[in-house]
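# Structure at a glance
Take a look at the letters that make up each chain.
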Amino acid sequence: MKNEAFNPFEMAQSQFDKIADTLELNEATKDLLRINLREYHVSIPVRMDDGSTKIFRGFRIQHNDALGPAKGGVRFHPMETIDTVRALAMWMTWKCAVVDIPLGGSTGGVICDPHNLSSHEQELICRGWVRQLARNMGPLNDVPAPDVMTNSQHMLWMLDEYETIYGKKYPGFITGKPVGMGGSLGRTEATGYGLIFTVREALKELNIPPGDTTASVQGFGNVAQHAIELYQQIWGKVVCVSCWDQKDQVSYSFRKMDGVNIEILKGITDRFGGIDKDKASELGYEVLPGDAWIEQEVDILIPAAMENQITKDNVGKISKKVKLIAEGANGPTTPDADNIIKERGIFLIPDMLGNAGGVTCSYFEQVQSNMNYFWDKDEVLGKLDLKMTSAFASVNKLAKEKKLYMRDAAYVIAVGRVAQACKDRGWV
Ligand code: GLU
């Protein structure tokens, strides 16, 4: 989104094309999987608080549902583009397949900036989005969830609108609901914690005790905050975090060589993950340019913000000390930068594996909602740990056996499973 010339869908397609050749997929399978199955574009009229009416543009894109109902987030972002949503929908298909859950892939979005919208206006956008798309989504065909700048309150408004339209209760229509309203304990933590479960496994593979490592993190939203929390619990030290400053419209990095204090930072952060730079500076944090997170002399880099962040322009700044990159965001690394990371032999936990904890817990939420019986948090997180650990083990095993880069190994497993499901259904 940062760079006009960057097209995430082209990037997703080029990643797919490479694997389609490796797997020797037939032409029909390639043709089916490199384009999304269904795309919906909607206009949402909203009566604003000042009495004017504004039309918001929204999308829902279903990439593939051969393995089960399509599944994926809905994001609110002022720079949202159709090609970003297309790419995210495709990546959701691979993500569900790589962790082996019975779901397909989709993603939606609305072009809007929640920073400048009242809570009531956001509620109307949520309800309007569902009104436009209710016929094309549902517990058995396409299940939304939170993503960038959407949260459990947005999910509840969407659910309420859907249930009002159909006059029945459908708790499996959406995931990421508030706990007590059909949500799962652990869902908020799931993406960040899931990432660190895979970091822990990667460090075992690299033979490095987590307590001997340092990390630099891009982002300070839900994924980054929970990743930092769990990483610190396994004794890792985060020395730098970076985030977007809404007031200045630029990013800053915040460095503390003896380790950032997550609770203190959370106390000076807005609800979108923006850290107050004046307060951080008073608290002894060095305030550095946004890109500084990538050039820190740390063992682990964790991009956990947006797509298109590690590019050919800044990949050269990655320190020689870095041994592991764990992608918490979707599509943070462009293909050129990815080639350089691969050549340098840095161990990579690719996005489709690293950030799959969110959708895995969404799947657990659906299971709990459907049986109307809810597990305690330790049970949810224990099951999440098992799923993430076993997905990591399969990808890592294939990577070692076939001498593949971790991203390619994850793709081979995911695309292979989806292609097989399409074939078994008689589609190709
Ligand atoms: N938006 C999240 C992701 O990109 C979660 C999707 C879901 O839970 O369905 O993985």
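Everything below is about the structure shown above.
Everything numeric here is computed off the predicted structure, so don't read it as measured data.

### Let's talk about the sheet that holds strand β5 (residues 142–146)
Paired through their backbone hydrogen bonds, the strands of a sheet run either parallel or antiparallel. The sheet built from 5 strands is open, its strands ordered β1-β2-β4-β3-β5 with mixed pairing. Across the chains shown, the open sheet's two edge strands, defined by having one partner strand only, are β1 (38–47) and β5. Across the sheet, the mean angle separating the axes of adjacent strands is 25 degrees when strand polarity is ignored. Summarising the sheet, β1 and strand β2 (residues 53–64) pair through 10 bridges and their orientation is antiparallel. The residue of β2 that forms the bridge with Val42 is Gly58. Packing of helix α5 (residues 152–166) onto the sheet brings it into contact with β3 (70–77) and β5, and relative to β3 it is tilted by some 115 degrees.

### Digging into the site of the ligand
Lys71, Lys95, Pro146, Asp147 and Ser362 are the nearest of the 13 residues found near the ligand. Interatomic distance of 3.0 Å between a backbone N/O atom of Pro146 and a nitrogen atom of the ligand. Measuring from an oxygen atom of the ligand, one finds a side-chain N or O atom of Asn330 at 3.2 Å. About the coverage of the ligand: the protein hides 94% of its 290 Å² of free accessible area. Where the shell around the ligand is concerned, the elements lending two or more residues are β3, α3 (82–98), β5 and α12 (357–371). In the shell around the ligand, the residues fall into 4 nonpolar, 5 polar and 4 charged.

### Looking at the pattern of salt bridges
On inspection of all chains with the given rule, the structure shows 38 salt bridges. Here Asp248 and Lys277 are joined by a salt bridge, their closest N and O atoms 2.9 Å apart. Placement of Asp248 in the loop between β7 (237–245) and β8 (250–255) and of Lys277 in helix α9 (residues 277–282) is noted, with a sequence separation of 29 residues between them. Of the charged contacts, one joins Lys321 and Asp299 as a salt bridge, the two residues approaching to 3.3 Å between their closest N and O atoms. In this pair, Lys321 sits in the loop between β10 (300–303) and β11 (324–326) while Asp299 sits in the loop between β9 (286–289) and β10, placing the two residues 22 residues apart along the sequence. Residue classification places Lys321 among the partly exposed residues on the basis of a relative accessible area of 34%. Here the salt bridges share partners, and the residues they tie into one network are Glu123, Arg127, Arg131, Asp160 and Glu161.

The rules behind the values
- Residues numbered from 1 in each chain as written.
- Predicted model: local features only at pLDDT ≥ 70, side-chain atom pairs only at ≥ 80, totals over all residues.
- Heavy atoms only, no water.
- Pairing = 2+ DSSP bridges.
- Helix = DSSP H or I, 4+ residues; strand = E, 2+ residues; numbered from the N terminus.
- Axes fitted to C-alpha atoms, helices over the stretch in contact; angles between N-to-C directions.
- Contact = heavy atoms within 4.5 Å.
- Near = heavy atom within 4 Å.
- Polar contact = N/O pair within 3.5 Å; in protein donor to acceptor, adjacent residues only side chain to side chain.
- Areas by Shrake-Rupley, 256 points an atom, 1.4 Å probe, with all protein chains shown as cover.
- Nonpolar A, V, L, I, M, F, W, Y, C, P; charged D, E, K, R; others polar.
- Salt bridge = Lys/Arg side-chain N within 4 Å of Asp/Glu carboxyl O.
- Buried < 20%, exposed > 50% of the residue type's maximum accessible area, 1.4 Å probe, protein only.

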